[in-house]
Amino acid sequence: FTSSPFIIQNEYGLSPQLNGFLFFFYCIGIVIGSFSTKKFLNNIAPERILNNALYFLVSISTSSIFFHFFLHFNSAKIFLVYGFLIALGCGLVSPLLLGLSLHSYSQIAGIGSALQGTIKMAGAALTLLAFSQANTTSSAGLIIAIALMSLTCLVMIIFCQKFKF
């Protein structure tokens, strides 16, 4: 993701200021997603919110591949909407992952949180390694990588839920 500002700037010919403005909408998506999670928790089980948010992320990221390659929708405005929707989904998912994973283990929540942070950093390192080996030098490569990551996350969570990990 660290290369995405350069990809967007180069591919769409944006100035650094406009590029920063695109990421402002990404930040708004995360904030709205996080606040929405809080509102949804009053009426909906967290596991259901998590599953629906993951399906949302997978559908947004895979539909963006369809729009990009088959309908040739490729502009900064489209990328703005795409980035906002991905951020919205991430804002919904992120608060739930830590809470759900530590809910049953309140006595060791501090250790669990530290372990989860370590696992996230290891996952980030593996993801960056995969990104460095893949063709993520264009918005198309970035879209494909995000779709693969969201699909992998969904499959892993469904697997863990099915086998009660």
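An account of the accompanying structure is given in this report. (Residues numbered from 1 in each chain as written. Predicted model: local features only at pLDDT ≥ 70, side-chain atom pairs only at ≥ 80, totals over all residues. Heavy atoms only, no water.)

Points about the overall build of the protein
Working step 1: Within the protein one finds six helices and zero strands.
Working step 2: Ordered by position in the sequence, the α and β elements of the protein form the string α-α-α-α-α-α.
Working step 3: Counting across all 165 residues of the protein, residues that qualify as buried make up 30%.
Working step 4: Taking all contacts inside the protein whose residues are at least 6 apart in sequence as the whole, residues at least 24 apart take part in 75%.
Working step 5: Of the roughly 10,500 Å² that the protein leaves accessible, carbon and sulfur atoms contribute 72%. (Helix = DSSP H or I, 4+ residues; strand = E, 2+ residues; numbered from the N terminus. Buried < 20%, exposed > 50% of the residue type's maximum accessible area, 1.4 Å probe, protein only. Contact = heavy atoms within 4.5 Å. Areas by Shrake-Rupley, 256 points an atom, 1.4 Å probe, with all protein chains shown as cover.)

Some remarks on the packing of aromatic side chains
Working step 1: As enumerated under the stated definition, the model contains three aromatic pairs in all.
Working step 2: Centre to centre, the rings of Phe66 and Phe70 are 5.6 Å apart; their planes meet at 40°, and the pair counts as tilted.
Working step 3: A network of ring pairs unites the aromatic residues Phe66, Phe67 and Phe70 as a single cluster. (Phe/Tyr/Trp six-rings, centres within 6.5 Å; stacked < 30°, edge-to-face > 60°.)

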